[in-house]
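Examination of the molecular architecture
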Amino acid sequence: LLKRLAAAKRELSPDLVAYVGREILAGLVYSHTGARDASGTALRVVHRDLCPANVLCSRSGQVKIADFGIARALRDTDTSRTRTVAGHLGYMAPEQVRAENIDERWDVYAAGVILWELFALKPMFSRGSEAQTLLAIMAGDVPSITSVRPDLDLRWHAFLARATDLDPASRFPSAKTMLDALEALAD
């Protein structure tokens, strides 16, 4: 979808970006809070590799999150550590790049990057080399969406800036709170 839109030089409307965002976030809400094991215990599944390649859009408008191959089930722990850095580089939260504690805000960050890219029709963190891209992620070098799409309401900038904040404590604390903010923004 992103490649075709960029090739055709066609921008997505805020309503369409909000629709795709709602669907992605609804999938994350289920993954983070709805998925249960056989005994009914919440799995708290963090995708860890949310990127455009793992978001499927059908011709009929269905949006699904795919490829939970490196997902981590946190279950009842507050956080979990990882020893390896895995996932698509341009969508990793800064703390994910540093292999710090895993939590749901990694996926919130990636969702924010995807929504930014749906508006911009270009990668948020593509900086020429992996090293430069890593430095941009670690520095929180997030371009304002209104610098790319001046037609957008400034509230989109605030929403996307919060989703992709360098400090996880300043981000939306969950996919549900991000979804609620998106609903309020899109109304």
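Anything mentioned here points back to the structure above.
Figured I'd write up the structure that's included with this text. Residue positions within a chain follow its written sequence, with the count starting from 1. Only residues with pLDDT of at least 70 get local features here, since the model is predicted, and only at 80 or more are side-chain atom pairs given and counted; chain-wide, interface and lining totals rely on the full set of residues. Side-chain numbers here rest on the full set of heavy atoms in the structure, without hydrogens or water.

1. Observations concerning the layout of surface pockets
Applied cut-off: Put plainly, a pocket is an open set of points on a 1 Å grid over the protein atoms alone with protein on both sides within 12 Å along at least five of seven lines, a cavity is a set where a 1.4 Å probe fits but cannot get out, and a lining residue has an atom within 4 Å of a point. Grid points are joined across faces, edges and corners, and a volume is the space filled by probe spheres set on the points. A run of H or I in DSSP counts as a helix once it spans at least four residues, and a run of E counts as a strand once it spans at least two, with each numbered from the N terminus. Throughout this entry, Asp, Glu, Lys and Arg are counted as charged residues, while Ala, Val, Leu, Ile, Met, Phe, Trp, Tyr, Cys and Pro are counted as nonpolar. The remaining residues, Gly among them, count as polar.
In this structure, the largest pocket occupies an estimated 320 Å³ of space. Together, 16 residues line the largest pocket, and Leu-1, Leu-2, Lys-3, Pro-52 and Leu-118 are the ones closest to its centre. Looking at the lining of the largest pocket, the elements that each hand over two or more residues are helix H1 (2–8), helix H2 (14–34), strand E2 (55–57) and helix H4 (105–120). Each residue belonging to the lining of the largest pocket can be placed in one class, and the counts come to 13 nonpolar, no polar and three charged. Roughly 210 Å³ of internal volume is contained in the second largest pocket.

2. Things to note about the nonpolar core
Stated precisely, the cut-off is as follows: Side-chain atoms within 4.5 Å link the members of a nonpolar core, which is a set of buried Ala, Val, Leu, Ile, Met, Phe, Trp, Tyr and Cys residues. Exposed residues in this analysis have more than 50% of their type's maximum accessible area, buried residues have under 20%, and partly exposed residues fall in between, with area computed by a 1.4 Å probe over protein chains only. Residue contacts are defined here by distance: any two heavy atoms, one from each residue, within 4.5 Å place the two residues in contact.
Ranked by internal contacts, the top residues of the largest apolar core, which has 50 residues, are Ile-24, Leu-50, Trp-156, Phe-159 and Met-178. Among the secondary structure elements, those contributing two or more residues to this core are H2, strand E3 (63–65), H4, helix H5 (130–139), helix H7 (154–163) and helix H8 (175–186). Here this core gets 12 residues from one element, more than from any other, and that element is H4. In this view, Met-178 contacts Leu-25, Val-108, Ala-111, Gly-112, Leu-115, Phe-159, Ala-163 and Phe-172; residues no more than four positions away in its chain are not counted.

3. Observations regarding the pattern of salt bridges
The line we're drawing: Whenever a carboxyl oxygen of Asp or Glu lies within 4 Å of a side-chain nitrogen of Lys or Arg, that contact is scored as a salt bridge.
In the structure shown here, the tally under the stated rule is 10 salt bridges. One salt bridge connects Arg-105 with Asp-103, and the closest N-O pair in it is separated by 2.4 Å. Take Asp-103: its relative accessible area is 9%, and that puts it in the buried class. For Asp-180, the salt bridge goes to Lys-176, with nearest N and O atoms at 2.7 Å. A residue pair is termed a helical-turn pair when its members lie 3 or 4 positions apart in one helix, as Asp-180 and Lys-176 do in helix H8 at four residues. Taken together, the shared-partner salt bridges connect Glu-11, Arg-149 and Asp-151 into one network.

4. Structural notes on the environment of Gly-34
As for its placement among the helices and strands, Gly-34 is situated in helix H2. The spacing of Gly-34 and Val-45 is 11 residues in sequence and 9.2 Å in space, taken between C-alpha atoms.

5. Points about empty space enclosed by the protein
Per the stated rule, a full pass over the model turns up one cavity of 30 Å³ or more. Its boundaries defined by the atoms lining it, the largest cavity holds a volume of some 40 Å³. Considering the residues around the largest cavity, the lining is formed by 11 residues, among which Arg-48, Asp-49, Leu-50, Tyr-91 and Gln-96 are closest to the centre. Here the lining of the largest cavity gets three residues from one element, more than from any other, and that element is H4. Partitioned by chemical class, the residues of the lining of the largest cavity number five nonpolar, three polar and three charged.

Just distances and angles here, no functional claims.
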